[in-house]
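Okay, here's what each chain looks like letter by letter:
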Amino acid sequence: MVYPHISTSADLLKSTVRLDELFPFLIEQGTASAAIVNSKLYGILPFWEACHKAGIHGVVGLSVFIEFEEQEYPAVLYAQSNAGYKNLLKITSALSTRDKAAIPEQWLKAYRQGLICVIPDKAEWVMTDRSEAVHFLQEIFGSFCYGSIERPGGQRNNHEEAFIALCETEGLQMMATQESRYLHEGDAFSHEVASAISQGLKMNDPERKRPAHQKAHVPSAEEFSSWFSDRPEWLQITRQVLESCNVTIPLNQQLLPVFPLPDGTDRSTYIWDLCTAGLAERIPNYGETYLERLKYELSVIRKMGFIDYFLIVSDFMKFARDNDILTGPGRGSSASSLVAYSLRITDVDPLEHDLLFERFLNPERVTLPDIDIDFADHRRHEVVEYVAKKYGEVRTAQIITFGTLSAKAVARDTARVFGFEPEELDAISKMISNRPGTTLRSALKENKRLNDWIIEKEERKKWFKTALKLEGLPRHASTHAAGVILSPTPLVDHVPIEKGNEGIYITQWPMAELEAVGLLKMDFLGLRNLTILEQIRRLLFKDTKKWMDYRKLPLMDAETYALLAQGDTTGIFQLESDGMRGALRQIKPTAFGDIVAVNALFRPGPMEFIPLYARRKHGQERVDYIHPLLEPILKETYGIIVYQEQIMQIASRIAGFSLGEADLLRRAVSKKKREILDEERKHFTQGAVKKGFSESEASQVYDLIVRFADYGFPKSHAVAYSMISYQLSYMKTHYAVYFYAALLANSAGNAEKTAQLLQEIKDKGIPVLPPSVQKSRYSFSVEEGQIRIGLNAVKGVPGSAIKALLAARKEGPFSSLYAIAERISAIHFTRKAFEPLAKAGALDDFGLDRATVLASLDSAVKHAELVKPNEEPGLFDEMGSSFMKPKYIQASPIPETLKLDYEKEALGFYLSTHPMAREKQQRNKPYTDLKNLKNIQDRKSVTVLGMVDDIKRIRTKKGDAMAFVSLQDDSGQASVTLFPAEYAKYNHLLESHSVLEVQGTVENRNHKTSVICKTIHT
């Protein structure tokens, strides 16, 4: 049995054939050959590898349109040889990068070598006389041009005879085919739904492109033979065609890019000179230890053939530095390389921090190096563009990723094409969780309501059954957030590419497939925390002209450690969560190593050692070592194995392993496979006995390694990322105003985060100034030690209006509301743009009550339309400010409560005073601040006062009604739980914005604090 045309689910929503279901079926049918034929070369490699594993002869095909005399005709191209495969890569890449739907004649002539062209019996070939087009293809491909007949379900189409006659006239041989787009005949409907989702049209839409028939399944051997029982010779030709296709897709090559150097330059000497110069800059009087380490690392790098790779990374890091693009201190295991430190790729001195090069590049296990770099996220693209320009656009690409139909997405998409009502779509969204790992089946198990809802209507049953069949299929392509591929020769020699963003190509294959071929992937990651550090630095420089070099911060600043010991870590990278704050309060860091340790320990598993680390650090518990030789290795972490590097050092010190062997041991042991553990125990014990240890000592140490192999964290990564944590902590300690201004700028649009930050800022006594058309910048800024709210924090004001206002202000301050109208034109001066500014207090500068400003807005808009209707020079420009300004329209002052409501509406938070602060003053009673609840003991009675923000009413398993109420006061937010008895009593008081006095008890569960309600008063 042979299958000449299987379209797989990798061809986005054009097929529902999944490889894991397809191949057991192909094996069952005794398949000899199978061809993948998608509309792009998506999914080729997984198909190829599945064929190899199943012992099936794999064939690569591509479904295309061919252009001839301004008409487009469908065809299938098969790669018959490696040259043909390379031409397919070029054809699909050329079509995808140039937005062409069909292959022009000249391309076909250029790329024909090694290809077989098959003309299918589709209507386009027989609508009128197409003999010239067939003749054109026959001339190009000669005997490698075939006609193909399809008889889905054994049905002949009504133009079969005409098509055969056309092919015979041109002397083409005929073959049998079947275009398979789903596995079983019963999948026809779900495939049609997938197609409707792809088209964005409902099933009943007359515009929807419908399938030609309902038999595009993968036929059994018996079926396929029976459909062509009258023409067995066609089946024979199909077999011959597929068998004649012999392609090898080269895998595991080392396709490393080359760094451009002048001819005759010795690469080893060049990198040595760069490293020694760089190291001398960083450590002026480095000694013999550094020199030996440098020599050793470079010898390994040279042997592995990675010199160019280091030069490339060093070069784009220099570009970033020269252009003030903030880069991270390092990431992952690359921080353990002295070469990387000397070339300024990382900012971590591996000798100072006891980091092992073999954790990064192991001479005993050759793998491609993996240097991932963090950049300030708003400027990452500049570095990618630099690389593309330097190494050539045809050698540089970003990496494709495929988004799949998750449970919620497939449920909604399917419901949409079924024509479900908006209320039904909302119901689906509420009943299916967004939680990672949620499947339709798990949602059904977890939610009885979903089950009941489905069985209410027949159509819903059909909907759910269809969604189940489509769940997990690839839906759309997007660009990988970080990965960049660099190739030594044009990428189309190795992988297909397509058009990407910002003028940089993207690959048609995702990351795992590119790595399998042997291309080098580099991660250019955008890190928001670096952007925040960048903003803090710029705000500080703007205000004080002091430029902060984060690489030179003293790592022994006592005040910074005091801030960390208090758990005051809002806005600090890696250290913000409640659990992490608790760990910091326990450990009370006094040195950089403590931050590194807490970053490595705060994960499921090793977390249990945090209290032990804290007790030993504070001398409350003795530090014990199984063997005195472990002390120098484990002293810094008080006898606890925290890092993978410690495991490697133990194996080296106790069992005489080389560090390369020790790294292999660490990897092997972490897999926890019984036979590997026993094998490695033997290996370890033999080594230890040779070094003079007893078997029982060796066994004890080995047990320790096994216990901690899962827990161990790469110290190199923990050190590098702890540097970012430390830098932010230092800036928060010494430059809090700039720190908070940058954090607020980054939290724009997140009302909850902004409110939390403003509360903390208020607690620290830092004044916050309202937005102002005269003084605010675009974003938050610092003004004489105070934070000024930026104009972009005001909701609903278009960015274009803010930019116009700031541009006009460069020429001098505004004298009145009408002066703004004259200077920025009616295009930007609209009620929609300026009403939120008035409500937020940004127009208070003119000394008018906000009611007067709001009442005068319409006349100011008319004034702008008259004086400056657009951005062209106006009729009255030369008359300047003397020109007939209207008078303000007086209005009674806005009541204080309404003014606060307006502020909340325009900014998302209360700025002047929180209504709850006034309410507490008026009531003159002691209330617990909501933000302090988490510091109160469980089950302790409290009385709180707050405004209702949100109410979630639910039913218990018994069917009783209860509620969770979100309350807000001037210190923060908290949740109040009303169980059925209290809910029955107080439900009538639960209204949005109502002020409630709640008496209850505190409950702390899963790091979340709530009040269990006992009584409520208004």
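Before any of the text, the structure's been laid out above.
Being a predicted model, the structure only gives us computed values, none of them experimental.

K.L.:
Even after reading the chapter, I still don't get the environment of Tyr902, so can you show me in this structure?
P.N.:
Topologically, Tyr902 is positioned in helix H38 (residues 896-907). Along the chain, Tyr902 and Ala840 lie 62 residues apart, while their C-alpha atoms are 6.8 Å from each other. Excluding anything up to four places from it in sequence, Tyr902 contacts Lys839, Leu854 and Ile894.

K.L.:
Sorry if this is basic, but what is going on with the sheet that holds strand S3 (residues 57-68) here?
P.N.:
Whenever strands of a sheet pair, they do so through backbone hydrogen bonds, lying parallel or antiparallel. Sheet architecture is open: seven strands sit in the order S1-S2-S3-S4-S5-S6-S7, paired in mixed fashion. The sheet terminates laterally at strand S1 (2-6) and strand S7 (173-177), the two strands that pair on one side only. Pairs of neighbouring strands in the sheet enclose a mean axial angle of 30°, with direction left out of account. Two elements, strand S6 (residues 145-150) and S7, share five bridges in a ladder whose sense is parallel. From the neighbouring strand, Ile149 faces S7, where its bridge partner is Ala176. Contacts from helix H5 (residues 131-141) reach S3, strand S4 (71-79), strand S5 (115-120) and S6, with the element oriented near 130° to S3. Seen against the sheet, helix H9 (residues 232-243) touches S1, strand S2 (33-38), S3, S4, S5, S6 and S7 and runs at an angle of roughly 90° to S7.

K.L.:
Explain a negative patch on the surface here, please?
P.N.:
On the surface, Glu69, Glu70, Asp129 and Glu132 cluster together into a negatively charged patch. Relative to the elements of secondary structure, Glu69 occurs in the loop between S3 and S4.

K.L.:
Would you take a moment to explain the pairing of S2 for this structure?
P.N.:
Side-chain direction in a regular strand flips from residue to residue, so the side chains alternate between the two faces of the sheet. Counting buried residues in S2 gives six out of six residues, a clear majority hidden from the surface. Remark: the S1/helix H1 (residues 19-28)/S2 crossover connection has right-handed handedness. In terms of strand pairing, S2 meets S3 through six bridges, oriented parallel. Among the inter-strand pairings, Asn38 is bridged to a residue of S3, identified as Leu62.

K.L.:
Honestly, the packing of H1 against helix H2 (residues 44-54) in this entry has me stumped. Any pointers?
P.N.:
Direction vectors running N to C along H1 and H2 enclose 35°, while the axes themselves pass 11 Å from each other. Crossing handedness for the pair H1 and H2: right-handed. Together, Leu19, Leu22, Phe23 and Ile27 of H1 and Pro46, Phe47, Ala50, Cys51 and Ala54 of H2 make up the contact between the two elements.

K.L.:
I would appreciate a short explanation of the packing of aromatic side chains in the present structure.
P.N.:
Both the distance between ring centres and the angle between the ring planes are used here to describe each pair of aromatic rings. Throughout the structure, instances matching the rule amount to 35 aromatic pairs. Measuring from ring centre to ring centre gives 4.9 Å for Phe573 and Tyr721, while their planes differ by 65°; the resulting arrangement is edge-to-face. Taken together, the residues span a long stretch of sequence, with Phe573 in the loop between helix H22 (558-565) and helix H23 (578-587) and Tyr721 in helix H31 (residues 715-734) at a distance of 148 residues. The two residues Phe573 and Tyr721 agree in class, both being buried. Ring centres of Phe739 and Tyr740 lie 5.4 Å apart, and the angle between their planes is 80°; on these two criteria the pair is classed as edge-to-face. As far as burial versus exposure is concerned, Phe739 and Tyr740 are alike and both buried. One aromatic cluster is present, built from ring pairs that chain together Phe189, Phe418, Phe420, Trp453, Trp463 and Phe464. Above the face of the Trp453 ring, Arg460 is positioned so that its terminal group lies 3.8 Å from the ring centre. The aromatic ring of Phe189 is capped on one face by Lys462, whose charged end is 4.2 Å from the ring centroid.

Rules used throughout
- Throughout this document, residue positions are counted from 1 along each chain, in the order its sequence is written.
- For a predicted model such as this one, the threshold for reporting local features is a pLDDT of at least 70, and the threshold for listing and counting side-chain atom pairs is 80 or more; totals across whole chains, interfaces and linings nevertheless cover every residue.
- To get the side-chain values, take all heavy atoms of the structure and skip hydrogens and water.
- Helix and strand assignments follow DSSP, with helices taken as H or I runs no shorter than four residues and strands as E runs no shorter than two, numbered in order from the N terminus.
- Residue contacts are defined here by distance: any two heavy atoms, one from each residue, within 4.5 Å place the two residues in contact.
- In short, DSSP must find at least two bridges between two strands for them to pair.
- Axis angles are defined between N-to-C directions and span 0 to 180 degrees, where every axis is a line fitted to C-alpha atoms and, for a helix, only to the segment in contact.
- Patches here are clusters of residues that have more than 30% relative accessible area and form no salt bridge, with a 9 Å joining cutoff for like charges and a 5 Å cutoff for nonpolar side chains (Val, Leu, Ile, Met, Phe, Trp, Tyr).
- Surface accessibility in these figures is a Shrake-Rupley result with a 1.4 Å probe; residues are shielded only by whichever protein chains are displayed.
- The rule for a salt bridge is simple: a side-chain nitrogen of Lys or Arg has to be within 4 Å of a carboxyl oxygen of Asp or Glu.
- Positive residues here are Lys and Arg, negative ones are Asp and Glu, while His and the chain termini are left out of the count.
- The atoms used to mark charge sites are NZ of Lys, CZ of Arg, CG of Asp and CD of Glu.
- Exposure classes here rest on a 1.4 Å probe applied to the protein chains alone. A residue is buried below 20% of its type maximum, exposed above 50%, and partly exposed in between.
- Whether a crossover is right-handed depends on one test, that the path from the first strand over the helix to the second runs clockwise when the strands point away from the viewer.
- Crossings are sorted by hand: turned counterclockwise from the far helix by less than a right angle, the near helix makes the crossing left-handed, and turned clockwise it makes it right-handed.
- Stacked, tilted and edge-to-face are the three classes assigned to paired rings of Phe, Tyr and Trp, where Trp is represented by its six-membered ring and a pair needs centres within 6.5 Å; plane angles under 30 degrees give stacked, over 60 edge-to-face, the rest tilted.
- Two thresholds decide whether a charge sits over a ring: the Lys NZ or Arg CZ must be within 6 Å of the ring centre and within 35 degrees of the ring normal.

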